[in-house]
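Results of the structural survey
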Amino acid sequence: MTSDKLSVVVRVDVDGEQIQIAATGRVTTSSLQGLFPVVQRTKSLGGGLGVEMDLSQATIDEDALDQLQGYAALHEVPVHLAAELTNVTALPSRGLQTTSRAA
């Protein structure tokens, strides 16, 4: 079971000329707002090394996946997910729930 808190590790493979940003925990639309600047900063400091995101060990909310895929395509950052997207979760609707009580 993974934590709801997003944890990010940046791995630099100088010989392979690759930087990997590996995340564990839960990826939500809110946590993406913290992850995207890490990716941008890593790309700017990478000195031409390729940057990829490894989210295969994270749980990804379905609405966050859409944003993540758009970002990855726009910024040309490969994203590795678990096989067959088994780590993507669909959340229940966040609409207002009301209950009625008999007096």
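Residues numbered from 1 in each chain as written. Predicted model: local features only at pLDDT ≥ 70, side-chain atom pairs only at ≥ 80, totals over all residues. Heavy atoms only, no water.

Next up on the list: the nonpolar core. Counting 18 residues, the largest nonpolar core has Leu-32, Val-39 and Met-53 as its most contacted members. For this core, the secondary-structure elements that each account for two or more residues are β2 (18-27), α1 (29-45), β3 (50-61) and α2 (62-75). With five residues, β3 is the largest single contributor of residues to this core. Non-local contacts of Met-53, meaning those with residues more than four positions away in its chain, are made with Ile-21, Leu-35, Val-39, Leu-68, Tyr-71, Val-77, Pro-78, Val-79 and His-80. (Core = buried A, V, L, I, M, F, W, Y, C linked by side-chain atoms within 4.5 Å. Buried < 20%, exposed > 50% of the residue type's maximum accessible area, 1.4 Å probe, protein only. Helix = DSSP H or I, 4+ residues; strand = E, 2+ residues; numbered from the N terminus. Contact = heavy atoms within 4.5 Å.)

Glancing now at the packing of aromatic side chains. For the structure shown, the criterion picks out one aromatic pair. Taking the centre distance of 3.8 Å and the plane angle of 10° together, the rings of Phe-36 and Tyr-71 count as stacked. Linking Phe-36 in helix α1 with Tyr-71 in helix α2, this pair joins segments that are 35 residues apart in sequence. (Phe/Tyr/Trp six-rings, centres within 6.5 Å; stacked < 30°, edge-to-face > 60°.)

Let us look at the confidence of the model for the protein. Here the protein shows a mean pLDDT of 81. Residues at 70 or above account for 77%. In the predicted structure, residues 92-103 sits below a pLDDT of 50 and forms one contact with residues beyond four places in sequence or in another chain. (pLDDT = per-residue confidence, 0-100.)

Between its terminal C-alpha atoms α2 stretches 20 Å, which fits the 20 Å expected from 14 residues at 1.5 Å a residue. Listed as buried for α2 are Ala-64, Leu-65, Leu-68, Tyr-71 and Ala-72. Each buried residue of α2 sits inside an arc of 130° when the element is viewed along its axis, so together they form one side. Residues of α2 that are exposed and angled more than 90 degrees away from the buried face: Asp-66, Ala-73 and Leu-74. (Expected span 1.5 Å × (residues − 1). Arc of directions from axis to C-beta.)

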